[in-house]
Amino acid sequence: MKRFLLFTVLVSVLVSCSAKKQIEEAISHGNYDHAISEALRKLENNKDKKRKQAYVIMLKDAYDKVLEEDLLRISQLKKDGNPELYKIIYESYVDLEERQNAIKRIMPLIIDGKAISFDFNDYSNPLVEYRYKTSDHLMDKGLNLLDTGLKRNAREAYGLFEYVDDINPNFEDVRVLMNEAHITGMNYVHVSIANETHQMIPQRLETELLDFNTYGINQFWTTYHVVQDDSLQYDFAMQLKLKRINVSPERINERQLIRERAIVDGWEYLLDDNGNVAKDSLGNDIKIDKIITVRARFFEVLQTKSAQVIADVVYTDLRQNQIVDSFTLDSGFVFENVFGRFRGDRRALNRDDRNLLRQRQIRFPTDEQMVFDSGEDLKQRLKQVINSYRIES
């Protein structure tokens with residue numbers, strides 16, 4: 001027990017030394033916020049213990065250095081006077097506020113009975129000032145981008161408006177502008193199916209493939225329409241070209257297996273060397289199991305039928321009237337049914353054989369049903385293409 005306690009204390013000391021060294025290295029490399037974060041984590045519990053004093057000292061050292069560094073950088077950025085720097089200045093003030101609030105939560109910090117003081121400042125005024133300066137500048141910048149009517153600029157404008165709404169909720173109706181930028185930056189894609197197989201395809205298959213409500217597509221900048229909206233100018237077309245449909249013949253394959261088992265079939269008397277019934281030590285007749293070998297022929301029957309649908313997904317840029325991408329999809333469906341029958345003694349069969357005997361031969365699905373079932377797999381593959389493909393415009 002003493003050895004275990006000694007080992008535990010040693011491990012604790014080593015861990016503590018390692019943590020202190022890491023914080024010291026972070027400070028020496030200028031990673032002040034990391035050092036502050038680690039020191040605060042160590043001071044969450046038992047902050048007044050003597051062994052925690054080193055973390056208090058390192059916390060103050062890191063804080064003083066990063067405070068001086070940040071205030072100097074903010075001063076330099078302000079002198080530049082460039083509106084593009086407003087956001088950086090604002091976020092720097094946010095960092096200053098959050099950093100000192102994190103330290104305030106564990107105050108007071110005391111070493112040898114003396115409270116350690118930190119240089120805390122009131123940043124409320126510059127935070128408000130540069131929040132509004134940043135908002136005004138980004139709104140102007142976003143509006144200029146939006147006025148170009150270009151989709152890529154509208155998307156950039158949306159990001160600027162979204163940032164403004166985050167720091168200044170609904171500033172100057174920014175959410176209305178976000179919606180306008182979203183609509184302007186949207187790519188509209190018209191979806192259709194072309195049957196190039198020279199075969200009839202089930203109407204319900206086409207309906208299922210075009211039921212985009214079931215695809216779970218979630219693309220912020222792309223909307224797929226099956227029914228064309230004449231009020232919209234579509235940017236792209238996505239066409240699913242069915243190229244080939246293959247349906248195999250109905251097949252029944254049979255495999256014959258010989259089953260043989262030794263089983264107990266009643267009992268018989270044990271005879272001695274003279275042909276008389278043998279007796280046990282109490283004078284009772286001795287009975288023994290009667291072992292016989294039973295045999296059966298087991299027939300495992302497999303019904304199979306398969307279908308394959310091959311299609312191309314073709315994306316066309318309607319503004320340039322040219323194909324921009326295409327993908328080949330190969331989907332399929334296999335119908336299988338296994339059942340069994342036998343001749344001979346049922347007792348020779350194993351458990352799997354008897355399970356198959358409970359199965360029955362069933363009607364093969366029609367070619368139309370097979371093609372429709374293949375379409376379910378095709379739909380999943382099409383969904384993967386749509387979800388992974390990003391239209392660039």
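Residues numbered from 1 in each chain as written. Predicted model: local features only at pLDDT ≥ 70, side-chain atom pairs only at ≥ 80, totals over all residues. Heavy atoms only, no water.

*Asks:* Just give me the short version of the packing of aromatic side chains, but keep the residues and values in it.
*Replies:* Pairs of aromatic rings are described using the distance from one ring centre to the other and the angle between the two planes. Evaluated as defined, the whole model comprises 15 aromatic pairs. Between the aromatic rings of Phe 220 and Trp 221, the centroid separation amounts to 5.0 Å while the plane-to-plane angle is 90°, which identifies the pairing as edge-to-face. Judged by its relative accessible area of 39%, Phe 220 is partly exposed. An aromatic cluster of three or more residues is present, and its members are Tyr 86, Tyr 93, Tyr 123 and Tyr 130. Stacked on the ring of Phe 372, the Lys or Arg Arg 204 has its end atom at 4.0 Å from the ring centre. (Phe/Tyr/Trp six-rings, centres within 6.5 Å; stacked < 30°, edge-to-face > 60°. Buried < 20%, exposed > 50% of the residue type's maximum accessible area, 1.4 Å probe, protein only. Lys NZ or Arg CZ within 6 Å of the ring centre and 35° of its normal.)

*Asks:* Residues and numbers for unusual backbone geometry, please.
*Replies:* With an omega of 0°, the peptide bond running from Met 107 to Pro 108 counts as cis. Mapped onto the elements, Pro 108 comes out in the loop between α4 (86–104) and β1 (110–111). Of note, Glu 172 is a non-glycine position whose phi angle comes to about 50°, a positive value. Structurally, Glu 172 is set in the loop between α6 (151–167) and α7 (174–185). A positive phi angle is found at Asn 321, which is not glycine, with a value near 55°. Within the element layout of this structure, Asn 321 appears in the loop between β7 (287–317) and β8 (322–344). With relative accessibility at 65%, the residue Asn 321 sits in the exposed group. (Helix = DSSP H or I, 4+ residues; strand = E, 2+ residues; numbered from the N terminus.)

*Asks:* Let's hear about the pairing of β8: which residues, and what values?
*Replies:* Examined bridge by bridge, β7 and β8 share 22 bridges and lie antiparallel to one another. Paired with Tyr 315 across the strands is Asp 325, a residue of β8. With antiparallel pairing between neighbouring strands as the criterion, β7 and β8 make up a hairpin whose turn holds 4 residues, including Asn 321 at a positive phi of roughly 55°. (Pairing = 2+ DSSP bridges.)

*Asks:* Which residues make up helix α3 (residues 53–80), and what values do they have?
*Replies:* Between the first and last C-alpha of α3 there are 41 Å, a value that for 28 residues agrees with the 40 Å anticipated at 1.5 Å per step. Regarding α3, the residues found buried are Gln 53, Tyr 55, Val 56, Met 58, Leu 59, Ala 62, Tyr 63, Val 66, Leu 67, Asp 70, Ile 74 and Leu 77. A positive backbone phi angle near 75° is found at Gly 81, which sits one or two residues after α3. (Expected span 1.5 Å × (residues − 1).)

*Asks:* So what's going on with the nonpolar core? Which residues, and what values?
*Replies:* One finds Leu 59, Tyr 93 and Phe 161 to be the most contacted residues of the largest nonpolar core, which totals 53 residues. Looking at this core, the elements with two or more residues in it are α1 (2–28), α2 (32–42), α3, α4, α5 (124–147), α6 and α7. Looking at this core, the element that brings in the most residues is α3, giving 10 residues. Ile 193, Leu 242, Val 371 and Tyr 389 belong to the second-largest nonpolar core, a separate cluster that totals 26 residues. (Core = buried A, V, L, I, M, F, W, Y, C linked by side-chain atoms within 4.5 Å.)

*Asks:* I'd like a rundown of the pattern of salt bridges, residues and numbers included.
*Replies:* A full pass over the atoms with the stated rule returns 23 salt bridges. Lys 60 is the salt-bridge partner of Asp 64, the closest N and O atoms lying 3.2 Å from each other. Note that Asp 64 and Lys 60 are positioned in helix α3 at a spacing of 4 residues, about one turn of the helix. With a relative accessible area of 26%, Lys 60 lands in the partly exposed category. Between Arg 175 and Asp 165 there is a salt bridge whose closest N-O contact spans 2.9 Å. (Salt bridge = Lys/Arg side-chain N within 4 Å of Asp/Glu carboxyl O.)

Just distances and angles here, no functional claims.
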